[in-house]
Amino acid sequence: MFDALAERFESAWKKLRGQDKISESNIQDALKEVRRALLEADVNLQVVKEFVAEVGEKAQGAAVISGVRPGEQFVKIVHDELVNVMGESNVPLAQADTAPTIILMAGLQGTGKTTATAKLALHLRKENRNTLLVATDVYRPAAINQLITLGKQINVPVFEMGTDADPVEIARQGVEYARSQDIDTVIIDTAGRLQIDQDMMAELAQIKETIEPHETLLVVDAMTGQEAATLTRTFNDQIGITGAILTKMDGDSRGGAALSIRRVSGAPIKFVGVGEKVE
Ligand SMILES: Nc1nc2c(ncn2[C@@H]2O[C@H](COP(=O)(O)OP(=O)(O)O)[C@@H](O)[C@H]2O)c(=O)[nH]1
Ligand SMILES: [Mg+2]
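This write-up is about the structure you can find in this document. (Residues numbered from 1 in each chain as written. Chains lettered and ligands numbered in written order. Predicted model: local features only at pLDDT ≥ 70, side-chain atom pairs only at ≥ 80, totals over all residues. Heavy atoms only, no water.)

Once that is clear, we can look at the overall build of the protein chain. Assigned secondary structure in the protein chain consists of ten helices and six strands. Among the 279 residues that make up the protein chain, the fraction classed as buried is 51%. Counting contacts in the protein chain only where the partners sit at least 6 residues apart, residues at least 24 apart contribute 78% of the total. (Helix = DSSP H or I, 4+ residues; strand = E, 2+ residues; numbered from the N terminus. Buried < 20%, exposed > 50% of the residue type's maximum accessible area, 1.4 Å probe, protein only. Contact = heavy atoms within 4.5 Å.)

Below, the structure is given as structure tokens:
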């Protein structure tokens, strides 16, 4: 995911190689490279500014430490800061003490929520967790059919009540059904809009309040780059998220969205590795 980023960082510390001390001017040169690397990876501009400022401060602080080569020192500072932002990788998906674990999928239309719902079910099956998928996107008949089709393909049950039912009620009954069937995890697929709107947020908030999910995962299209930060901030402020799933990592996205999401919300990125096609 961070291949392009790593390459750019490489050139940042090349500038420091062969110099025996971190100085004000070589720090500035290296920081410029870090900044360029992050921007090229499509990390949000504000996030880049903060990241570079923090690395700069630490590099200046490190300037007094002698006996360590500056290139190595700088690499370590950037690396530590990346780890600091990205946090522990592989934060596992929540598992409730009493089944079912409830997962709410959130995000804009077309980001890959429905696809990610099915992928998540496949992922959980590998951990011997059975799932129920719940179709609450009643606004487009095709959306329910899409989930039903995906469910058939991967042999996972889908709970739906057609397009006339209330999404909150579908979610509630879906969870009840999962409980009655001893299902380990219930994944609620929700409707999205092309842009964030208050009706969508209100409906999501109501679903969330009703079913009290253990995870609220924001599904983000990795290709959206700069917008990922704003999107994450809005969803996190309005409904609260526990994690994010980056989709379309198979495209030519540059991975920067992951950094932006983490930095803005602190929410761990889950299942970035679930890149495989469902079909
Ligand atoms: N290349 C690629 N396409 C994807 C991925 N996830 C979803 N899509 C496609 O993006 C479109 C929207 O996906 P969908 O799951 O319906 O999004 P939703 O509106 O958020 O539920 C569909 O054409 C999917 O096939 C992915 O990881 N990679
Ligand atoms: Mg959908």
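Let's shift gears to the packing of helix α3 (residues 45-62) against helix α4 (residues 70-86). Following both chains from N to C, one finds α3 and α4 inclined at 140 degrees, their axes separated by 10 Å at the closest point. In terms of orientation, α3 and α4 fall into the oblique class. Remark: the crossing between α3 and α4 carries right-handed chirality. Contacts between α3 and α4 pair F51, E54, V55, K58, A59 and A62 from the former with Q73, F74, I77, V78, E81, L82, N84 and V85 from the latter. For the contact of α3 with α4, the class distribution of residues is nine nonpolar, two polar and three charged. (Axes fitted to C-alpha atoms, helices over the stretch in contact; angles between N-to-C directions. Parallel < 35°, antiparallel > 145°, perpendicular 65-115°, else oblique. Left-handed = near helix turned anticlockwise from the far one by under 90°. Nonpolar A, V, L, I, M, F, W, Y, C, P; charged D, E, K, R; others polar.)

For the rest of this paragraph, the subject is the packing of aromatic side chains. Applying the stated rule across the entire model yields one aromatic pair. Arranged with centres 5.7 Å apart and planes meeting at 35 degrees, the rings of F159 and Y177 form a pair that is tilted. With F159 in strand β3 (residues 158-159) and Y177 in helix α7 (residues 167-180), the pair connects residues that are 18 residues apart, well separated along the chain. The class of F159 is buried, set by a relative accessible area of 13%. Residue classification places Y177 among the partly exposed residues on the basis of a relative accessible area of 35%. Sitting above the plane of the Y139 ring, R193 keeps its charged end 4.9 Å from the centroid. (Phe/Tyr/Trp six-rings, centres within 6.5 Å; stacked < 30°, edge-to-face > 60°. Lys NZ or Arg CZ within 6 Å of the ring centre and 35° of its normal.)

On to helix α8 (residues 198-211). The α-helix advances 3.6 residues per turn, and as a result positions three or four apart in sequence lie on the same side. When the terminal C-alpha atoms of α8 are compared, their 20 Å separation across 14 residues agrees well with the 20 Å that a helix rising 1.5 Å per residue should span. Turning to α8, its buried residues number three or more, namely M200, M201, E203, L204, I207 and I211. All buried residues of α8 fall inside an arc of 165 degrees around its axis, so they share one side. For α8, the exposed residues set more than 90 degrees away from the buried face come down to Q198, D199 and E209. Here the buried face of α8 lies against β1 (101-106), α7, β4 (185-189) and α9 (227-238). With a side-chain oxygen lying 2.9 Å from the backbone nitrogen of D199, the N-terminal cap of α8 falls on D197. (Expected span 1.5 Å × (residues − 1). Arc of directions from axis to C-beta. Polar contact = N/O pair within 3.5 Å; in protein donor to acceptor, adjacent residues only side chain to side chain.)

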